[in-house]
Amino acid sequence: MTTILRMAGRRLLTLPPLLLGITLFVFVVLRFSPTDPAYNALGEGASQAARDAYAADHGLDDPIVVRYLAFLGDLLHGDLGVTTPPSKPVSDAIFTALPLTLQLTFLGMLLASLGALLLGVTAAIFRDRWPDQVIRLLSMAGVATPSFWLGILLIQQFALRLGWFPTGGYVNPVDGVSAWLQSLFLPAVAIAVPVGASLTRIVRTSMVEELDRDYVRTAAGNGLPPLVIVGRNVLRNALVTPLTVLGLRAGYALGGAVVIETIFGLPGLGTLILNGVTSGDVAVVQGTVLVIAVVFVLVNLVVDLACLFANPRTREA
């Protein structure tokens, strides 16, 4: 436990400079946007004098370093700015949309992890036999499948043709768990297939490497059942690499959710950031990207700690 707390402390110490770098990158990149925040807030018909007065009040013409420091000061107070008229705090818009995106990402990653674990272990146990060949073929096809294209196919087949699921929209879980699952299942599958396919290949490789180790042959020679060997020792040791990659794939899933939410009409961060881009609302885009980046960093921290629990050898290292 002391080792885990020490590692968590080291990871937490790296968060401030990492997040500072993220805020600097996002701030600088969005300054190249052709949209003028003053005209975006006042309307294109505003006069030059009105634009200049708005820019002076909000520091839009200050040097970029001054504006960045002011942005950091507002950020430390939880102020991400306001949306374009009708004006409301960006933080309110983000934290209204964030739960849906987290639900979709979690469900997609859960489906991907369960599928990868089942298929990867099966492929490793039946190495170079027909189940392994079939699973490897399916995983390659899954990796090559774009999420947005798969989402459209799922809508056509299971929503429009069969009518098993809605074509889009979101149902809050408090209004019914079954309806909530129906509204998120197809978009979660669209996210899970490419992620799960890549994880399947990693799980298989890790399992094959672990099954070739001497302790596995020794355990089998001592008469231990294969289920005990795989479940108690091999699987636990083989999960370190897949767990590490899982954190990176969570970031991919968050990015995929941005597109999938638009296809399925889900009011999450994806729809919010798309509306911000199309309307030229720099504050919304900036705040949403920052929140996604922070979530990604925190997920990787959790995955690092999960690796410690999964394999004692990592704690010793």
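The structure we're discussing is the one just above.
Notes on the structure in this doc start here. (Residues numbered from 1 in each chain as written. Predicted model: local features only at pLDDT ≥ 70, side-chain atom pairs only at ≥ 80, totals over all residues. Heavy atoms only, no water.)

1. Details of the overall build of the protein chain
What counts is decided by this rule: Where helices and strands are cited, they refer to DSSP runs of H or I of at least four residues and of E of at least two residues respectively, numbered from the N terminus. Any two residues having at least one pair of non-hydrogen atoms within 4.5 Å are treated as being in contact. Computed with a 1.4 Å probe, the accessible areas rest on the Shrake-Rupley method; for each residue, only the protein chains presented here act as cover.
Scanning the protein chain from terminus to terminus reveals 14 helices and zero strands. When the helices and strands of the protein chain are read in sequence order from the N terminus, they spell out α-α-α-α-α-α-α-α-α-α-α-α-α-α. Within the protein chain, counting contacts between residues at least 6 apart in sequence, those at least 24 apart form 73% of the total. For the protein chain, the exposed surface amounts to about 17,000 Å²; the carbon and sulfur share of it is 68%.

2. Overview of the packing of aromatic side chains
In this description, an aromatic ring pair is defined by two values, namely the gap between the centres and the angle between the planes. Selection rule: Note on aromatic pairs: the rings of Phe, Tyr and Trp (six-membered ring only in Trp) are paired at centre separations within 6.5 Å, and the planes decide the class, stacked below 30 degrees, edge-to-face beyond 60, tilted for the rest. Accessible area is worked out with a 1.4 Å probe on protein chains only. A residue is then buried under 20% of its type maximum, exposed over 50%, and partly exposed in between.
A full pass over the atoms with the stated rule returns two aromatic pairs. Relative to Trp164, the ring of Phe158 has its centre 5.8 Å away and its plane inclined at 40°; by these criteria the two rings are tilted. Judged by its relative accessible area of 53%, Trp164 falls in the exposed class. Residues Phe165 and Phe185 carry aromatic rings whose centres are separated by 5.2 Å and whose planes lie at 15° to one another, so their mutual orientation is stacked. Taken as a pair, Phe165 in the loop between helix 7 (147-161) and helix 8 (177-211) and Phe185 in helix 8 lie far apart in primary sequence, 20 residues in all. Residue Phe185 is classed as partly exposed on the basis of its relative accessible area, which comes to 35%.

3. Regarding the pattern of salt bridges
Test applied: What counts as a salt bridge is simple: a side-chain nitrogen of Lys or Arg found within 4 Å of a carboxyl oxygen of Asp or Glu.
Within the structure shown, the criterion is met by two salt bridges. Between Arg136 and Asp132 there is a salt bridge whose closest N-O contact spans 3.5 Å. Of this pair, Arg136 and Asp132 both sit in helix 6 (residues 130-143), separated by four residues, roughly a single helical turn. Owing to a relative accessible area of 0%, Asp132 belongs among the buried residues under this scheme. A salt bridge links Arg204 to Asp132; its shortest N-O distance comes to 2.8 Å. Of the two residues, Arg204 sits in helix 8 while Asp132 sits in helix 6, which places them 72 residues apart along the sequence. One network of salt bridges, with partners in common, ties together Asp132, Arg136 and Arg204.

4. Topic: the side chain of Thr145
Put simply, the test is: Pairs of N or O atoms are called polar contacts if they sit within 3.5 Å, as long as, within protein, a hydrogen donor faces a hydrogen acceptor (for residues adjacent in sequence, only side-chain-to-side-chain pairs).
Take Thr145: it is sitting in the loop between helix 6 and helix 7. Within the structure, Thr145 has its side chain in polar contact with the backbone oxygen of Ala141 (distance 2.6 Å). Once residues within four sequence positions are removed from consideration, Thr145 is found in contact with Leu150 and Pro194.

5. A word on a nonpolar patch on the surface
Threshold: Residues qualify for a patch when their relative accessible area is over 30% and they have no salt bridge, like charges being joined within 9 Å and the nonpolar side chains of Val, Leu, Ile, Met, Phe, Trp and Tyr within 5 Å.
A cluster of nonpolar side chains, contributed by Leu24, Val28, Phe32, Ile64, Val65 and Leu69, occupies part of the molecular surface with about 580 Å² of accessible area. The class of Leu69 is exposed, set by a relative accessible area of 53%.

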